[in-house]
Amino acid sequence: MSTERFTCRWAALSLSNIAAVFLPDILLPRDESESIVHKLVAASTTSGQERATNWLKEHKIEGAEGIKLFHLWEEMLETGDFDVVYISTPHPLHYKHVRKALEHKRNVLVEKPATMTRAQYESLVKLAVHQDVVLMEAMWTHYLPATKYLQEELLPKIGPVKRVYADFSFPIVSPELSVSSRFLEKQAGAGALLDQGVYALTWADIALNSPRTPGSTTQVVYANTMPVPDVAHDIDDINTVVLSRIEGPSDRQTAIGIVTTSMTLPGSNKPPFYRRLQAPRPAPAVLIQATDAQVSIPFPPIRPQELHVQWYGREFVDEEGMEREEVIRKPVERGWGIWYQADVIAAKVRERQTEGSGEGVVIGKEESLRVLGYLDEARRIGGIRYGEELEGLPPSI
Ligand SMILES: NC(=O)C1=CN([C@@H]2O[C@H](COP(=O)(O)OP(=O)(O)OC[C@H]3O[C@@H](n4cnc5c(N)ncnc54)[C@H](OP(=O)(O)O)[C@@H]3O)[C@@H](O)[C@H]2O)C=CC1
Ligand SMILES: O=C1OC[C@@H](O)[C@H](O)[C@H]1O
């Protein structure tokens, strides 16, 4: 594989709140030794040239004068000159925007949740493979150092996981939030399960399926939801989902996952609230209990940087008879860390540009499809509905 520096040229479909985090993060200065750098070369926005120009300036996006701005996202996907498009519109629009990008043989990084249903993503996976391009869900947490260390170094050593608790609750809904905010607008996919629960379900999936034992399946066996109080629509808020891992020819249950999420609990919802995403919380956001050890991950579960490991063996008990806790620190190396995923897709794009390809690739496909399946089932059991227009499967490819 080529070791010379690869400049991955990005197009941004929408100048969203998360694009204001993602784009500065991928453009942070890099050492000469790094073989991948990123550059924003195009952007589409429905809110006009002036807002786009101000937005690029406000977020200190370098080379703003050279960035080609499009009012029509379709035109950018059809005529733009870029390597990967980052799609960060509200989730109900992901399917339409990703499909059009794939039809134009574009490589795509689409924000989480990739689509509103598993079936929609299955359809996009098929199209990406057919179009010989790279597709990836921006479940950025998967690609952080702490997550990779857990999966590669810890989970294979702590024995079979028997129980996992995973929560991502964050009071993003506040009295000041406009009712047109995507967090309260049903047509914009509002609801804690799809927006935040996807992280907690991802952690449960990592714990229950890394490594995935052949023949095992993980399914939702219970789901309960309580709506955001005092709002017009039925927007899901306090959600509880129970997963069961079934293994072997006897279909024995061998593990259980308890997943929770809320966008009103806990903590103060006084804006600007995003900074409190880094506020320490008393309880771990994720607790993985296996036969030989347990691993806990502090809040926020979207951006883990520490793993607290408690081994159960007698040899790990100190002189007072208490289990010792080992803290393994794997900090994000710079910025927010939402850039790690960009390096992953850029490396795959570079590899395919230099070594050729035969068919398309979907990075993280199995994980994305499993979690979208959990979301579908939790919504079905819990009674969370968005209607055929948002949940339906558009015409087959
Ligand atoms: N990975 C993470 O940490 C986070 C991920 N997300 C995910 O990113 C996505 C966007 O969230 P967020 O940034 O909060 O959303 P915002 O509401 O801030 O931005 C959404 C943008 O989508 C564009 N848009 C809206 N409607 C349309 C339309 N009909 N056609 C074309 N473009 C449209 C607009 O951009 P413009 O005005 O430029 O046209 C709008 O600003 C969600 O799927 C969410 O789950 C969100 C927050 C954090
Ligand atoms: O992806 C996300 O991460 C942080 C949350 O507060 C946000 O609402 C969600 O979309």
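Just so you know, these numbers come straight off a predicted model, no measurement behind them. (Residues numbered from 1 in each chain as written. Chains lettered and ligands numbered in written order. Predicted model: local features only at pLDDT ≥ 70, side-chain atom pairs only at ≥ 80, totals over all residues. Heavy atoms only, no water.)

J.: Lay out the site of ligand 2 with the relevant residues and their values.
T.: As a structural note, the neighbourhood of ligand 2 is formed by Lys112, Phe170, Ile172, Arg182, Phe183, Asp195, Tyr199, Tyr274 and Ile302. Within the side chain of Arg182, a nitrogen or oxygen atom sits 3.1 Å from an oxygen atom of ligand 2. Asp195 places a polar side-chain atom, nitrogen or oxygen, 2.7 Å from an oxygen atom of ligand 2. With the chains in place, 89% of the 270 Å² that ligand 2 exposes on its own is no longer accessible. (Near = heavy atom within 4 Å. Polar contact = N/O pair within 3.5 Å; in protein donor to acceptor, adjacent residues only side chain to side chain. Areas by Shrake-Rupley, 256 points an atom, 1.4 Å probe, with all protein chains shown as cover.)

J.: Kindly report on the sheet that holds strand β8 (residues 217-227), identifying the contributing residues and their values.
T.: Within the open sheet, the 8 strands sit side by side as β8-β9-β10-β7-β11-β12-β13-β14. Their pairing is mixed. In the strand order of this sheet, the two ends are held by β8 and β14 (325-329), each with one partner. Across the sheet, the mean angle from the axis of one strand to that of its neighbour is 15°, orientation sign disregarded. Sheet topology note: the strand β9 (residues 236-247)/strand β10 (residues 252-262) ladder contains 9 bridges and is antiparallel. Note on β10: the bridge partner recorded for Ile246 is Gln253. Packed onto the sheet, helix α9 (residues 365-382) meets β8 and β9 and runs at close to 50° relative to β8. (Pairing = 2+ DSSP bridges. Helix = DSSP H or I, 4+ residues; strand = E, 2+ residues; numbered from the N terminus. Axes fitted to C-alpha atoms, helices over the stretch in contact; angles between N-to-C directions. Contact = heavy atoms within 4.5 Å.)

J.: So, the environment of Ile18: which residues are in play, and what are the values?
T.: Inspection of the secondary structure puts Ile18 in the loop between β1 (6-13) and α1 (19-26). Along the backbone, Ile18 and Ser88 are 70 residues apart, and their C-alpha atoms lie at a distance of 7.0 Å. Those residues in contact with Ile18 that lie beyond four places of it in its chain are Tyr86, Ser88, Glu111 and Ile338.

J.: Outline the confidence of the model for the chain, supporting the account with residue identities and numerical values.
T.: Overall, the predicted model of the chain reaches an average pLDDT of 95, with 98% of residues at or above 70. In the predicted assembly, ipTM is 0.99 and pTM is 0.97. (pLDDT = per-residue confidence, 0-100.)

J.: Explain the sheet that holds strand β6 (residues 134-138) residue by residue, including any values.
T.: Read from one edge to the other, the open sheet built from 7 strands follows the order β3-β2-β1-β4-β5-β6-β15, with strand pairing classed as parallel. Each having just a single partner strand, β3 (68-70) and β15 (361-363) make up the two edges of the open sheet. Averaged over all neighbouring strand pairs, the angle between strand axes comes to 25°, with direction disregarded. Pairing between β6 and β15: 3 bridges, direction parallel. Within β15, the residue paired with Leu135 across the bridge is Val362.

J.: Break down the UniProt feature "domain: Gfo/Idh/MocA-like oxidoreductase N-terminal" (unreviewed entry) in the chain for me, citing the residues and quoting the values.
T.: With numbering aligned to this structure, UniProt lists the feature "domain: Gfo/Idh/MocA-like oxidoreductase N-terminal" (unreviewed entry) at residues 62-137. Each end of residues 62-137 is marked by a C-alpha atom, and these two atoms are 25 Å apart; helix forms 45% of the span and strand 21%. (UniProt positions renumbered as here; feature names shortened; annotations may be inferred.)

J.: Got a sec to walk through the environment of Phe170? Specific residues and values, please.
T.: With respect to the element layout, Phe170 can be found in the loop between β7 (161-169) and α7 (192-209). Look at Phe170 and you get buried, because its relative accessible area is 2%. Taking the C-alpha atoms as reference, Phe170 lies 9.0 Å from Phe273; in sequence the two are 103 residues apart. With residues near it in sequence (within four places) discarded, Phe170 still touches Gln196, Ser262, Met263, Thr264, Leu265, Phe273, Tyr274, Arg276, Leu277, Arg281 and Phe299. (Buried < 20%, exposed > 50% of the residue type's maximum accessible area, 1.4 Å probe, protein only.)

J.: Go over the pairing of strand β2 (residues 36-44) with me, naming the residues and quoting the values.
T.: The element β2 is extensively covered by neighbouring structure, given that 8 of its 9 residues are classed as buried. Summarising the sheet, β1 and β2 pair through 8 bridges and their orientation is parallel. Residue pairing in the sheet places Phe6 in a bridge with Ile36 of β2. Tracing the backbone out of β1, into α1 and back to the parallel element β2 gives a crossover that is right-handed. Two elements, β2 and β3, share 3 bridges in a ladder whose sense is parallel. Paired with Ser44 across the bridge in β3 is Phe70. Note that the unit made of β2, helix α2 (residues 48-58) and β3 has a crossover that is right-handed. (Right-handed = clockwise from strand over helix to strand, strands pointing away.)

J.: Talk me through the pattern of salt bridges; I want residue IDs and the actual numbers.
T.: Pairing between side chains becomes possible if they bear opposite charge and their charged atoms approach one another. Summed over all chains, the structure comprises 19 salt bridges. Put simply, Glu34 and Arg334 hold a salt bridge, and the shortest N to O gap is 3.0 Å. With a gap of 300 residues between them, Glu34 in the loop between α1 and β2 and Arg334 in the loop between β14 and α8 (340-355) connect regions that are remote in the sequence. Note that Asp195 and Lys112 form a salt bridge whose closest N and O atoms lie 3.7 Å from each other. Placement of the pair is Asp195 in helix α7 and Lys112 in the loop between β5 (107-111) and α5 (118-131), with a sequence separation of 83 residues. The exposure class assigned to Lys112 is buried, which follows from its relative accessible area of 9%. What emerges from the salt-bridge pattern is a single network uniting Arg9, Asp81 and Asp83. (Salt bridge = Lys/Arg side-chain N within 4 Å of Asp/Glu carboxyl O.)

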